[in-house]
Amino acid sequence: MRKIGLLFITIFCLLACKNNSSRISLEGEIKGLTNDTLYLYGTDALYDRIDTIYAEKGKFSYNLNIDSTVIDTLTTAVLLINGHVEYPVFLDKGNQITIKGNIDDLSYLDINGNEPNTSLSLFMKEQRGLGSASDKMMQEKAETFIRQHNSSLASVYLLDKYFVQTPQPDYIKIKEITEAMTGALLDRPYIENISDYIDQLEKVTVGKSAPYFSLPNEKGEKLSRSAERFRNRYLLLNFWASWCDPQPEANAELKRLNKEYKKNKNFAMLGISLDIDREAWETAIKKDTLSWDQVCDFTGLSSETAKQYAILTLPTNILLSPTGKILARDIQGEALTGKLKELLKTEEKKTGKSIR
């Protein structure tokens, strides 16, 4: 499954326009797009709606009549292109937004109409010229931009892209960069969410005790990390959802581990789904043959368990010790395989029994 960022996702609602409105116009051309449908949707409570934009021969024009009691300041939206490419667009009442791009390179769009759109476009153009820059270099470039534009909404986007949406976010660095932002940005809903996330993440880092939870399986039985079947075992928690795009190798790895260690008395696996639809959840379990224990309370992104464990992306693996300590976060691939072999080999030496 591909990594899906949760912190930048909201539930979108259609809002009726009222008479007290301020127009925002969008004019654009994406060469090679031909005829297509674009979607513009909000990413915070300040702009909680979705708009459908029709392109003809790559060109599109659209007017947003925004209720000024709903949006009276700059806010962030996302332009969805080709059904899967997302690009940030910053909006304010009265703006005339222009968008230019090419279907062959949707990683870069030239967007203008206000300061954050223009400054982010310049940043992205500069990075485009760097070619395949390392993650470290991109973080350095993004941090420099954020500190130089500490009142720009573009900085919030770059903070999310290069620091929050990473396999292992450095929450100390995120907090440091966030504190360099101005008060206006610090009051944004997204920054508040980041601050809440960091506060919770500090409680569930490696070495901390895993939070308690009790969630129902397919039969309605409540399972917790201290359930009899998990007691005195290393426990791999796999947070996932059926609405994530499938990535066969991710499930293949989990299925291989389950097959290899399912008879091992020192190890167990538990899938924790963030689904909201029971049928979709059960279908995914059967289709992907996820034969280890699975639980779900169908609260989706509002899952208290996901919040307790500071889950930022899907899928996410968290490895717990037999005593309920967090041994690893966001662990997968060779790192996960090696860690399990090391831990279970140690247990084998203690008991004199094979790890299989």
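Residues numbered from 1 in each chain as written. Predicted model: local features only at pLDDT ≥ 70, side-chain atom pairs only at ≥ 80, totals over all residues. Heavy atoms only, no water.

*Asks:* I would appreciate a short explanation of the packing of helix α1 (residues 115–128) against helix α3 (residues 153–164) in the present structure.
*Replies:* Two quantities define a packed helix pair, namely the angle between the axes and the distance from one axis to the other. Running from N to C, α1 and α3 cross one another at 45°; their axes reach a closest spacing of 8 Å. The angle between the axes of α1 and α3 places the two elements in the oblique class. Packed against α1, whose contacting residues are P116, S119, L120 and F123, the element α3 presents L153, A154, Y157, L158 and Y162 at the interface. Residue composition of the contact of α1 with α3, grouped by class: eight nonpolar, one polar and no charged. (Axes fitted to C-alpha atoms, helices over the stretch in contact; angles between N-to-C directions. Helix = DSSP H or I, 4+ residues; strand = E, 2+ residues; numbered from the N terminus. Parallel < 35°, antiparallel > 145°, perpendicular 65-115°, else oblique. Contact = heavy atoms within 4.5 Å. Nonpolar A, V, L, I, M, F, W, Y, C, P; charged D, E, K, R; others polar.)

*Asks:* I'm lost on a negative patch on the surface in this one. Help?
*Replies:* A contiguous patch of negative charge on the surface is contributed by D187, E192, D196 and D199. Topologically, D187 is positioned in the loop between α5 (183–186) and α6 (189–201). (Patch = residues over 30% accessible without salt bridge, like charges linked within 9 Å, V, L, I, M, F, W, Y side chains within 5 Å. Areas by Shrake-Rupley, 256 points an atom, 1.4 Å probe, with all protein chains shown as cover. Salt bridge = Lys/Arg side-chain N within 4 Å of Asp/Glu carboxyl O. Lys, Arg positive; Asp, Glu negative; His and termini not counted. Charge placed at Lys NZ, Arg CZ, Asp CG, Glu CD.)

*Asks:* Whenever I open this one, the pattern of salt bridges confuses me. Can you help?
*Replies:* Pairing between side chains of opposite charge can happen when their charged atoms approach one another. Overall, the coordinates contain 13 salt bridges when judged by the stated rule. E143 is the salt-bridge partner of R147, the closest N and O atoms lying 3.1 Å from each other. Residue R147 and its partner E143 are located together in helix α2 (residues 135–148), separated by four residues, close to a single helical turn. With its nearest N and O atoms 3.5 Å apart, the salt bridge here joins R256 to E260. In this pair, R256 and E260 both sit in helix α7 (residues 248–261), four residues apart, roughly one turn of the helix.

*Asks:* Honestly, the sheet that holds strand β3 (residues 36–42) in this entry has me stumped. Any pointers?
*Replies:* Whether parallel or antiparallel, the strands of a sheet pair through hydrogen bonds between backbone atoms. Strand order in this open sheet of four strands is β4-β3-β6-β7, and the pairing throughout is antiparallel. Of all strands in the sheet, those with a lone pairing partner are β4 (50–55) and β7 (85–91), marking the two edges. Put simply, the sheet's adjacent strands are angled 25° from each other on average, direction ignored. Of the pairings in the sheet, the one linking strand β6 (residues 75–81) to β7 comprises seven bridges and is antiparallel in character. Counted as the bridge partner of I81 is V85 from β7. Across the sheet, α3 touches β6 and β7, and the angle it forms with β7 is around 155°. (Pairing = 2+ DSSP bridges.)

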